Amino acid sequence: MFDTVVIATDGSGSAERAVEAALDLAARFDATVHGLYVVDTGEVETTPKEVREALERALATTGGRALSFILEAADAEADEELVTAVREGDPADEICAYAVEHDADVIVSGTRGRHGEHGYLLGSVAEELVREAPMPLLTVRQLEGEPNPEREDV
């Protein structure tokens, strides 16, 4: 039923739960897993010029950590074929484009990302994916009371 699973990650707690769900799904169907991180160029472009370079480095570091988490989690499963990629652009658009290019059967995403509370029920990227994804989308929410590492320092 599923040959290709795309995991859209931003490194958030919600995305980590999505990784676990996606790897479980992929293992059940012996599917290829694609881990995808998108550097949000809109976020970069709207920051003051004097901090853009630092933000780009921070986002690249976050992306590396997010994809490393997928690699480590997949290594524990050891059955799935795994591909990782980094894209730049609008996250929802890039996720959809990547999924189409790789003939994905399903996209798996967390519901709340690094921007947390502004998305009320779904994060803005998850909400766009629900509306725009041309294939099935599995959204995985962060559980109540579950630690959210990106919010602990705030």
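This write-up is about the structure you can find in this document. (Residues numbered from 1 in each chain as written. Predicted model: local features only at pLDDT ≥ 70, side-chain atom pairs only at ≥ 80, totals over all residues. Heavy atoms only, no water.)

## What about the pattern of salt bridges?
Turning to step 1, where the next piece is worked out: Summed over all chains, the structure comprises four salt bridges.
Turning to step 2, where the next piece is worked out: Note that Asp24 is salt-bridged to Arg28, the shortest N-O span being 3.0 Å. Within this pair, Asp24 and its partner Arg28 are both found in helix 1 (residues 13–29), separated by four residues, close to a single helical turn.
Turning to step 3, where the next piece is worked out: Of the charged contacts, one joins Arg57 and Glu53 as a salt bridge, the two residues approaching to 3.1 Å between their closest N and O atoms. (Salt bridge = Lys/Arg side-chain N within 4 Å of Asp/Glu carboxyl O. Helix = DSSP H or I, 4+ residues; strand = E, 2+ residues; numbered from the N terminus.)

## Comments concerning the environment of Leu138
Turning to step 1, where the next piece is worked out: When you line up the elements, Leu138 lands in strand 5 (residues 137–140).
Turning to step 2, where the next piece is worked out: Between the alpha carbons of Leu138 and Ile107 there is a distance of 6.2 Å; along the sequence they are 31 residues apart.
Turning to step 3, where the next piece is worked out: Ignoring any residue separated from it by four or fewer positions in sequence, one finds Leu138 in contact with Val106, Ile107, Val108 and Ser109. (Contact = heavy atoms within 4.5 Å.)

## Side note on the side chain of Thr9
Turning to step 1, where the next piece is worked out: Inspection of the secondary structure puts Thr9 in strand 1 (residues 4–9).
Turning to step 2, where the next piece is worked out: From its side chain, Thr9 meets the backbone nitrogen of Gly11 in a polar contact 3.1 Å long.
Turning to step 3, where the next piece is worked out: Residue contacts for Thr9: discarding those within four places in its chain leaves Ala15, Leu36, Tyr37, Val38, Ala66, Leu67 and Ile70. (Polar contact = N/O pair within 3.5 Å; in protein donor to acceptor, adjacent residues only side chain to side chain.)

## Describing the nonpolar core
For soluble globular proteins, nonpolar side chains are generally found buried alongside one another.
Turning to step 1, where the next piece is worked out: Counting residues in hydrophobic clusters, the biggest one holds 23 residues, and the most contacted among them are Val5, Ile7, Leu23, Tyr37, Leu59 and Val108.
Turning to step 2, where the next piece is worked out: Residue assignment for this core shows that the elements contributing at least two residues are strand 1, helix 1, strand 2 (32–40), helix 3 (49–77) and strand 4 (106–110).
Turning to step 3, where the next piece is worked out: Other than its neighbours up to four places away in sequence, Val5 contacts Ala22, Leu25, Ala26, Ala31, Thr32, Val33, His34, Val106 and Val108. (Core = buried A, V, L, I, M, F, W, Y, C linked by side-chain atoms within 4.5 Å. Buried < 20%, exposed > 50% of the residue type's maximum accessible area, 1.4 Å probe, protein only.)

## Considering the sheet that holds strand 3 (residues 82–89)
Turning to step 1, where the next piece is worked out: With respect to topology, five strands assemble into an open sheet ordered 3-2-1-4-5, the strand pairing being parallel. Looking along the sheet, the strands with just one partner apiece sit at the ends: strand 3 and strand 5. If you compare each strand with its neighbour and ignore which way they point, the axes differ by 25° on average.
Turning to step 2, where the next piece is worked out: Bridge count for strand 2 against strand 3 is eight bridges, and the pairing is parallel. Bridge assignment links Val33 to a residue of strand 3, and that residue is Leu82. (Pairing = 2+ DSSP bridges. Axes fitted to C-alpha atoms, helices over the stretch in contact; angles between N-to-C directions.)

## Here's the deal with unusual backbone geometry
Turning to step 1, where the next piece is worked out: Even without being a glycine, Asp30 presents a positive backbone phi close to 55°.
Turning to step 2, where the next piece is worked out: Within the element layout of this structure, Asp30 appears in the loop between helix 1 and strand 2.

## Here's the deal with the pairing of strand 4
Turning to step 1, where the next piece is worked out: With respect to burial, strand 4 is a largely interior element, five of its five residues being buried.
Turning to step 2, where the next piece is worked out: Residues Val106, Val108 and Gly110 point to one face of strand 4 and Ile107 and Ser109 to the other, with burial holding for every one of them.
Turning to step 3, where the next piece is worked out: In this sheet, strand 4 lies alongside strand 1 in parallel orientation, the contact comprising four bridges. Paired with Ile7 across the strands is Val108, a residue of strand 4.
Turning to step 4, where the next piece is worked out: Note that strand 4 and strand 5 share four bridges and pair parallel. Residue pairing in the sheet places Gly110 in a bridge with Val140 of strand 5.

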